Amino acid sequence: MGTLWKIAVRNTLRHGRRTIITAVVMMVGISVFISFDSMLAGLDRMAVDNIADYTLSSLKIRTPAYVQDIQSTPLDKGLAHPEETLAAVAAQGLPGAARIRFVARVSNYTDEIPVLADAVDPSADARVFKLAQSVTAGAWLSSAAPRSVVLGAELARELKLNVGDAVLVTAQTVHDVTNADEYTVAGLVSTPVPEVNRGGFFIPLDDARVLLDTPPGPGALVTEVDVALPRASSLSAAIVQGDAAARRLRAALPGEQIDPIGSLAASYLALRNAKASYALIPVIIVLIISAVGIVNTILMSVYSRVREIGVLRAYGMTSRDIRLLFTLEGLALGLAGSSLGVAVGALLDSLLIAGGIDLAAFSQGSLPISGILRGEWNPRTMLIGFIFGVVVSLVAARIPARRAARLEPTEALRFQ
Amino acid sequence: MTALHLEHVTKVYRKGENEVRALDGIDIDIEAGEFLAVVGPSGSGKTTLLNILGCLDAPTDGRIVYDGTELRGLGEKGMSAYRRERISFVFQSYNLIPVLTVRENVELPLLIERRLDSREIRRRADEMIAAVGLSGKEDRHPRELSGGQEQRVAIARALVKQPLVILADEPTANLDSRTAQEIVDLMHGINAARGSTFVFSTHDRLVMEHARRVVTIQDGRVTADEQRNPPSEAGK
């Protein structure tokens, strides 16, 4: 085996140019696979973080009836005891914020745009969401400045509204009567989530309750309590952490529907997975090309060394030894290509992690993925890429190795 | 002592309906320590005979007894094992492994044989390299050697495992006459000093002149088998 390995490795090195070409093709396939996976993991992470930070939170508590009828944002299916719900969340050491979601129409007295409004507790909300940090003009809501609202920057641009302008908001009250009132634009938010920028409308809970004609005080209307969880090290860790927190809260709040980030972002993740599998097709094609390259390289090696095979057979090597020799050459190529692929993949990963890619150009889409995309370290994918490259090489080497093993020593020695 | 005994050895190649009798009832006894040349025109069956003697090919009919053991019905593995242990080859185009050094080429048969430890393998290889006059060139690659030096390495490779017989197919055909003379002298010297058995297939008059026995083959049959007194031994 040692001699075979020595001959295999030296032959691989001897035919440097074709070895380099084959290894480079493999390297491209594997490094693209690794960096692509890193970007996808980064995209997932970014999307899920953005979902948690700007739209859905890490965990949502609502009534089952509300969730069942969620399309109509029913105001009569809010939480029965919101204070107790918030207390249960606080008892877990987690920040929670009460919200009311309702359909509203926002007008600058000329044009009107329907929005899904969020009535928020300004200070508690800032502990759960990052909206308060995303204010690009004016200020976030404050109990000190009543009858103020915050709008998504795009929405404001669409309505030609600026900080300090008056805005007319119309909504159906809990009694199903249309009500309208005028508010002042306190601030504009610009977030990495296009949906918030285009349709975000935030109003203090107390003002919303007046608009919706629902009484304030203990037991006042709250359709959901949003909870923030500490930042996890990876997407899967975030999902596991969300599920664990949901289990604990279900025990404390039986009867409420508690959805962690894994369920809240399910539709995004399903969409992403579908897109990712299509995007992997070019990577698979590159790896197939490298497999063809390996078959070709080793076949060339076999044909240029027919007499050598004859000599080795004459000196007592069996056809099995010859097959092993060329399989080892495939392995050597595979190890070289895979190692290069993992090395370059890791380099691309580190560039993606350190520098990232600015997704500003792609922020027109509906996915919550604008901002700087940073990759994620993916040792498992590197291992998969490495093993895949080696296995592909071994499988590809089988064809020429079998051909070499089938050569009769007398024929091989006669070969010119 | 008889190293090889061939009895009515026949080799028939069939190509479709055609039948070629490459060997047609060969009877030869080769004694241990012989320096024997098999001569004959191209296509006479010399190479086929060497292939059969070297266990590279099996006869269609007849018996071959190697050192008292009849090898019959051996499969590919059995033939490989016998070659590994008992037979060595020297080829017309040297056929050294280009990626291995001189020493590694000479060690190769012992490494394939897997019988000795690495220290002994190296000792024997260096001894053979010295015997063929290439001391100091152990770490060179074949591309750094002349044709004559390459053939010397091939001879060292053939001798290192102390085989029953060394089969040399036109070993001087690619060499100029001076180098060919050196190579023949070298093999002759080794034959005299170590008693190694050499069987050549050759057209080279020089080899024939040095051979102690010349077997002539024509159309697959032995047409002459003469004992000679080579010039190097004349007068001894």
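Residues numbered from 1 in each chain as written. Chains lettered and ligands numbered in written order. Predicted model: local features only at pLDDT ≥ 70, side-chain atom pairs only at ≥ 80, totals over all residues. Heavy atoms only, no water.

Novice: Requested: an account of the overall build of chain A, with residues and values cited.
Specialist: Tallying secondary structure elements over chain A gives 16 helices and twelve strands in all. What you see for chain A is a C-alpha radius of gyration of 31 Å, clearly larger than the 22 Å of a compact globule of 416 residues, by over 25%. Dimensions of chain A, computed from C-alpha atoms along their principal axes, come out at roughly 100 × 45 × 30 Å. For chain A, with 416 residues in total, the buried portion stands at 52%. Here chain A has roughly 18400 Å² of accessible surface; of this, 61% comes from carbon and sulfur atoms. Counting 37 positive and 36 negative side-chain charges, chain A places the centres of these two groups 21 Å from one another. (Helix = DSSP H or I, 4+ residues; strand = E, 2+ residues; numbered from the N terminus. Rg over C-alpha atoms; globule rule 2.2 N^0.38 Å. Buried < 20%, exposed > 50% of the residue type's maximum accessible area, 1.4 Å probe, protein only. Areas by Shrake-Rupley, 256 points an atom, 1.4 Å probe, with all protein chains shown as cover. Lys, Arg positive; Asp, Glu negative; His and termini not counted. Charge placed at Lys NZ, Arg CZ, Asp CG, Glu CD.)

Novice: Could you give an account of the sheet that holds strand β3 (residues 35-39) of chain B, with specific residues and numbers?
Specialist: All names here are of chain B. Taken in spatial order, the six strands of this open sheet run β6-β7-β8-β3-β9-β10, and their pairing is mixed. If you trace the sheet from one side to the other, it starts and ends with β6 (87-90) and β10 (221-227), each paired once. Neighbour to neighbour, the strand axes of the sheet diverge by 20° on average, direction disregarded. Helix α1 (residues 46-53) rests against β3, β6, β7 (165-169), β8 (198-202) and β9 (213-218) of the sheet, and its axis sits at about 155° to β8. (Pairing = 2+ DSSP bridges. Axes fitted to C-alpha atoms, helices over the stretch in contact; angles between N-to-C directions. Contact = heavy atoms within 4.5 Å.)

Novice: So, α1(B): which residues are in play, and what are the values?
Specialist: Residues and elements named next belong to chain B. Among the eight residues that make up α1, seven are buried, leaving the element largely enclosed by the rest of the structure. Listing the buried residues of α1 in full gives Lys46, Thr48, Leu49, Leu50, Asn51, Ile52 and Leu53. Positive phi shows up at Cys55, right after α1, with a value of about 60°.

Novice: An account of the nonpolar core is needed here, citing residue identities and associated values.
Specialist: Ranked by size, the top nonpolar core spans 107 residues in total, and within it Leu312(A), Phe326(A), Leu49(B), Tyr66(B), Ile155(B) and Val199(B) carry the most contacts. A per-element tally of this core places helix α12 (residues 281-304) of chain A first, with eight residues. Beyond its immediate sequence surroundings of up to four residues, Phe326(A) is in contact with Ile298(A), Ser301(A), Val302(A), Arg305(A), Ile309(A), Ala397(A), Ala401(A) and Ala404(A). Residues Ile100(A), Val106(A), Leu221(A) and Leu253(A) belong to the second largest nonpolar core, which totals 44 residues. (Core = buried A, V, L, I, M, F, W, Y, C linked by side-chain atoms within 4.5 Å.)

Novice: So what's going on with the domain arrangement of chain A? Which residues, and what values?
Specialist: According to the domain assignment, chain A consists of domain 1 (2-49 + 277-414) and domain 2 (62-227). A straight line from the C-alpha centre of domain 1 of chain A to that of domain 2 of chain A covers 54 Å. (Domains from an automatic or database assignment.)

Novice: Break down the side chain of Glu329(A) for me, with residues and values.
Specialist: Residue and element names in this part refer to chain A. Relative to the helices and strands, Glu329 is located in helix α14 (residues 319-354). Since its relative accessible area comes to 4%, Glu329 is described here as buried. For Glu329, the side chain forms a polar contact with the side chain of Ser301, separated by 3.0 Å. Setting aside chain neighbours within four positions, we find Glu329 in contact with Ala8, Asn11, Thr12, Ile298, Ser301 and Arg305. (Polar contact = N/O pair within 3.5 Å; in protein donor to acceptor, adjacent residues only side chain to side chain.)

Novice: Could you give an account of unusual backbone geometry, naming the residues involved and the relevant values?
Specialist: Residue and element names in this part refer to chain B. For His8, which is not glycine, the phi dihedral falls at a positive 50°. Along the chain, the position of His8 falls in strand β1 (residues 2-15). Classification of His8 as partly exposed rests on a relative accessible area of 48%. For Cys55, which is not glycine, the phi torsion reads 60° and is therefore positive.

Novice: Give a detailed account of the interface of chain B and chain A, specifying residues and quantitative values.
Specialist: Contacts between chain B and chain A engage 27 residues on the former and 22 residues on the latter. Taken together, the two surfaces of chain B and chain A that pack against each other cover about 2300 Å², and 59% of this comes from carbon and sulfur. Its largest share of buried area at the contact with chain A, chain B owes to Leu56(B), Val99(B) and Ile112(B), together 23% of the area lost on that side. Linking chain B with chain A are two salt bridges, by the criterion used here. A salt bridge links Arg10(A) to Glu104(B); the nearest nitrogen and oxygen atoms lie 2.4 Å apart. Applying the counting criterion to the chain B and chain A interface returns eight residue pairs in polar contact (both at pLDDT 80 or more). For the side of chain B that touches chain A, the secondary structure elements donating two or more residues are α2 (76-86), β6, α3 (102-113) and α5 (147-159) of chain B. It is α3(B) that provides the largest number of residues to the side of chain B that touches chain A, a total of five residues. (Buried area = accessible area lost by both parts, 1.4 Å probe. Salt bridge = Lys/Arg side-chain N within 4 Å of Asp/Glu carboxyl O.)

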